[in-house]
Amino acid sequence: MVKLYGYPNSTCTRLVALICKEKNIPYELIHIDLTKGEQKNPAFTANQPFGQVPYIDDDGFILYESRAIARYLIKKYPTHGAQLIPSDPKSEALFEQAASIEAFNFTTFVTPIVVEKVFKPRRGLKPNEERVSELLGLLQPKLDTYDLILSKQKYLAGDSITLADLSHLPYGTAFYGAGFHEAFESRPHLARWWKDISSRPAWLAVKDGA
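Everything in this summary refers to the structure shown in the same document. (Residues numbered from 1 in each chain as written. Predicted model: local features only at pLDDT ≥ 70, side-chain atom pairs only at ≥ 80, totals over all residues. Heavy atoms only, no water.)

**Description of the packing of helix α1 (residues 11-22) against helix α7 (residues 169-180)**
The N-to-C vectors of α1 and α7 enclose an angle of 125°; their axes lie 8 Å apart at closest approach. It follows that α1 is oblique to α7 by the angle criterion. When α1 is examined against α7, the residues Thr11, Arg14, Leu15 and Leu18 are found in contact with a partner set consisting of Leu169, Pro170 and Tyr171. Partitioning the contact of α1 with α7 into residue classes produces 5 nonpolar, 1 polar and 1 charged. (Axes fitted to C-alpha atoms, helices over the stretch in contact; angles between N-to-C directions. Helix = DSSP H or I, 4+ residues; strand = E, 2+ residues; numbered from the N terminus. Parallel < 35°, antiparallel > 145°, perpendicular 65-115°, else oblique. Contact = heavy atoms within 4.5 Å. Nonpolar A, V, L, I, M, F, W, Y, C, P; charged D, E, K, R; others polar.)

Here's what the structure looks like:
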């Protein structure tokens, strides 16, 4: 069984848990308490030298970085659940294109907004509203392009769901819940896609904790 070393509510831990659920891969969550700084303990950094969650131990194979873990699990279990990464070269190229869209046209902007509006208040800090406004201004035209792409196809890489779509969920859900739902709902094709991916049983199973 895959051992997932992470914090139940961390975005990256939940991404890995989501893939395990989508692919029907049993896993054991080894709770690393970020509030106590356990990710900086020598026993943890021996396997994840950056001191960040998560990492996995798959029968002695240690791997960190959630995107790399997700790809590894999907490719190790190609016939379990949804395919999520196509094997055909052209389809895989479209998946990689969509994965780059997620990383550089969504997460680049949404993550720091979530930091300001969700993570900082949890620590008793005030958000930098000027920074949030700046980031929202940069994000809006990106979401317009999402809406255009999704007016022509069901998902970002075509008509089958992939890891690129699912990778939006952890930070996207935090962003949506921080009062920015109109960013999705004001764009009909984006709203349709978001409702689709965010209502998947695998996500609902880990949404509130891996």
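**Thoughts on the nonpolar core**
Across soluble globular proteins, you tend to see nonpolar side chains buried next to one another. One finds Leu73, Phe175 and Trp193 to be the most contacted residues of the largest nonpolar core, which totals 56 residues. Take this core: its biggest share by element is 10 residues, from helix α4 (residues 89-122). When neighbours within four sequence positions are excluded, Leu73 is seen to be in contact with Val2, Val16, Ile19, Cys20, Ile25 and Ile56. Counting 5 residues, the second largest nonpolar core, distinct from the first, contains Ile32, Phe44, Val53 and Tyr55. (Core = buried A, V, L, I, M, F, W, Y, C linked by side-chain atoms within 4.5 Å. Buried < 20%, exposed > 50% of the residue type's maximum accessible area, 1.4 Å probe, protein only.)

**A word on the layout of surface pockets**
Roughly 490 Å³ of internal volume is contained in the largest pocket. Taken together, 16 residues line the largest pocket, and the ones lying closest to its centre are Tyr7, Ser10, Leu34, Val53 and Phe119. Elements with a contribution of two residues or more to the lining of the largest pocket: α1 and α4. When the residues that make up the lining of the largest pocket are grouped by side-chain class, the tally is 6 nonpolar, 7 polar and 3 charged. Taken as a whole, the second largest pocket holds about 300 Å³ of empty space. If you trace the second largest pocket, you find 15 residues lining it, with Cys12, Glu65, Ser66, Arg67 and Tyr171 closest to the centre. Put simply, the parts of the chain that give the lining of the second largest pocket at least two residues each are α1, α3 (66-76), α4 and α7. Looking at the lining of the second largest pocket element by element, the count peaks at 3 residues for α1. A class-by-class count of the residues in the lining of the second largest pocket yields 6 nonpolar, 6 polar and 3 charged. (1 Å grid on protein atoms, 1.4 Å probe; cavity = no way out; pocket = protein on both sides within 12 Å on 5 of 7 lines; lining within 4 Å. Points joined across faces, edges and corners; volume = space filled by probe spheres on them.)

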